[in-house]
Amino acid sequence: MQGQEKKDIASFYLEELKEEMESMGEKSFRAGQIYQWIHQKLADDFSEMTNLPVALREKLDAGYEIRKMELLRRQVSRIDGTNKFLFSLTDGNMIESVLMKYKHGNSVCISSQAGCRMGCRFCASTLDGLARNLTASEMLRQIYRIQKLSQERVSNVVVMGSGEPLDNYDNFVRFLRMLSDRNGLNVSQRNITASTCGIVPGIYRLAKENFQITLALSLHGASQEKRKELMPIANQYHLDEVLHACDDYFAATGRRITFEYSLVQGVNDTKEDEDALISLLNGRNCHLNLIPVNPVRERKYRRPDKKSANNFKNNLEKHGINVTIRRELGSDIDGACGQLRRRTMISEAR
Ligand code: SAH
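Procedures and definitions
- Residues numbered from 1 in each chain as written.
- Predicted model: local features only at pLDDT ≥ 70, side-chain atom pairs only at ≥ 80, totals over all residues.
- Heavy atoms only, no water.
- Disulfide = S-S within 2.5 Å.
- Near = heavy atom within 4 Å.
- Polar contact = N/O pair within 3.5 Å; in protein donor to acceptor, adjacent residues only side chain to side chain.
- Areas by Shrake-Rupley, 256 points an atom, 1.4 Å probe, with all protein chains shown as cover.
- Helix = DSSP H or I, 4+ residues; strand = E, 2+ residues; numbered from the N terminus.
- Nonpolar A, V, L, I, M, F, W, Y, C, P; charged D, E, K, R; others polar.
- Buried < 20%, exposed > 50% of the residue type's maximum accessible area, 1.4 Å probe, protein only.
- Pairing = 2+ DSSP bridges.
- Right-handed = clockwise from strand over helix to strand, strands pointing away.
- Axes fitted to C-alpha atoms, helices over the stretch in contact; angles between N-to-C directions.
- Parallel < 35°, antiparallel > 145°, perpendicular 65-115°, else oblique.
- Left-handed = near helix turned anticlockwise from the far one by under 90°.
- Contact = heavy atoms within 4.5 Å.

J.: Just to check I follow, could you spell out the state of the cysteines for this structure?
T.: Cysteine pairs can be linked by a disulfide, which is a covalent bond between their two sulfur atoms. Counted by the stated rule, this structure contains zero disulfides. No disulfide involves Cys246; its sulfur sits 9.4 Å from that of Cys286, the nearest cysteine.

J.: I'm lost on the site of the ligand in this one. Help?
T.: Lining the immediate surroundings of the ligand are 19 residues, of which Gly163, Ser195, Ser218, His220 and Asn294 lie closest. Within the backbone of Phe122, one N or O atom sits 3.1 Å away from a nitrogen atom of the ligand. Within the side chain of Ser218, an N or O atom sits 2.6 Å from an oxygen atom of the ligand. Protein coverage of the free-state accessible area of the ligand, which is 540 Å², stands at 94%. Those elements giving two or more residues to the shell around the ligand turn out to be strand 10 (192-196) and strand 12 (257-263). For the shell around the ligand, a count of residues per class yields nine nonpolar, eight polar and two charged.

J.: I'm lost on the pairing of strand 10 in this one. Help?
T.: Within a regular strand, side chains alternate between the sheet's two faces. For strand 10, a buried count of five out of five residues is recorded, marking the element as mostly surrounded by other parts of the structure. Residues Ile192, Ala194 and Thr196 line one face of strand 10 and the alternating positions Thr193 and Ser195 line the opposite face, and both faces are buried. Judged from the three bridges that link them, strand 9 (residues 154-159) and strand 10 form a sheet pairing that is parallel. Counted as the bridge partner of Val159 is Ala194 from strand 10. A crossover connection joins strand 9 to the parallel strand 10 through helix 5 (residues 169-179); in handedness this β-α-β unit is right-handed. Sheet topology places strand 10 next to strand 11 (residues 214-218); four bridges connect them, and they run parallel. Bridging from a neighbouring strand, Thr196 pairs with Leu217 of strand 11. Read from strand 10 through helix 6 (residues 200-207) to strand 11, the crossover connection turns out right-handed.

J.: What should I look at first to understand the packing of helix 5 against helix 6 in this one?
T.: For any two helices packed against each other, the geometry is given by the interaxial angle and the distance between the axes. Taken N-terminus to C-terminus, the directions of helix 5 and helix 6 make an angle of 30°; their axes are 12 Å apart at the nearest point. Comparing the axis directions of helix 5 and helix 6 gives the class roughly parallel. Where helix 5 crosses over helix 6, the two elements pack in a sense that is right-handed. The segment helix 5 lies against helix 6, with Tyr169, Asp170, Phe172, Val173 and Leu176 engaging Gly202, Arg205 and Leu206. Here the residues of the contact of helix 5 with helix 6 are counted per class, giving five nonpolar, one polar and two charged.

Rendered as structure tokens:
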């Protein structure tokens, strides 16, 4: 098959597209036109590119593809208008994306992998392991499709869907460059947040890329022991190393780290956890996001009640920690990462 496969043209940087044009014997300005069709006018097909000669469109069609993504399901929350999308990729893999509407703009949450191999105990995305990495174009297309389907401009992007972005480093970085490219959607890097479970070498590498994106670190436990209970990745990277890498990211970029902490009743929400979290975050220029755990059918974890979650938050606040409880969106539409995908995969397998 190799050699016959069409090239994934929507993953090319503009510069690379220019080289492609040159090697095809075409003028390099054509690259700019094609790039604009794909990344600004959000074309799905070469036939839409009406300012290109038909012969060129045919040549493109023969050697390249704009990978299609089929919308399998769209669920709209009756509570808060959150939209959840289930897409299928050209090879049949399924991914989820979410559109959240806030006063300050529209935010899209995308997946970076089909499935995940990190194994966090409370997360539905990882139950069937990793199917494969997504290409840059497959990450971008989630945003493009949602912008077209909803007719709403996307101003914020969070890489917090299924998958671990730093486990798909090269495609992820390519995606970031293209998303914030002024020749593309031109989303401000300051409006992009990527969440990692704490792959230490990836965090150091990312710090050197000169991005202005916000890094969110999935903490979930304030001691090495607690973290290990919930996140297998903690066996690979000790909490001290992870925090060191986060400090380095802040020092290199000036961007404050967001720590994410999924509150799990009886597991990481005790007084002892609170104290440990306070001493860990004290003096760090950061933000803490508490996420009452979204119960996943296959797991036994439960969230604390509203009152205890609020107490937990207030006590941290008293110690000067910048903390919010994440507003829950889409709780009626399989809001937690990977739930919709998994439910659909299971019912199709029956
Ligand atoms: N791989 C990345 C992105 C994961 S999803 C990471 O680990 O950070 C984004 C956040 O949602 C992570 O903090 C993840 O731990 C959390 N999460 C996943 N499933 C959850 C659930 N059922 N309830 C609450 N938070 C969850």
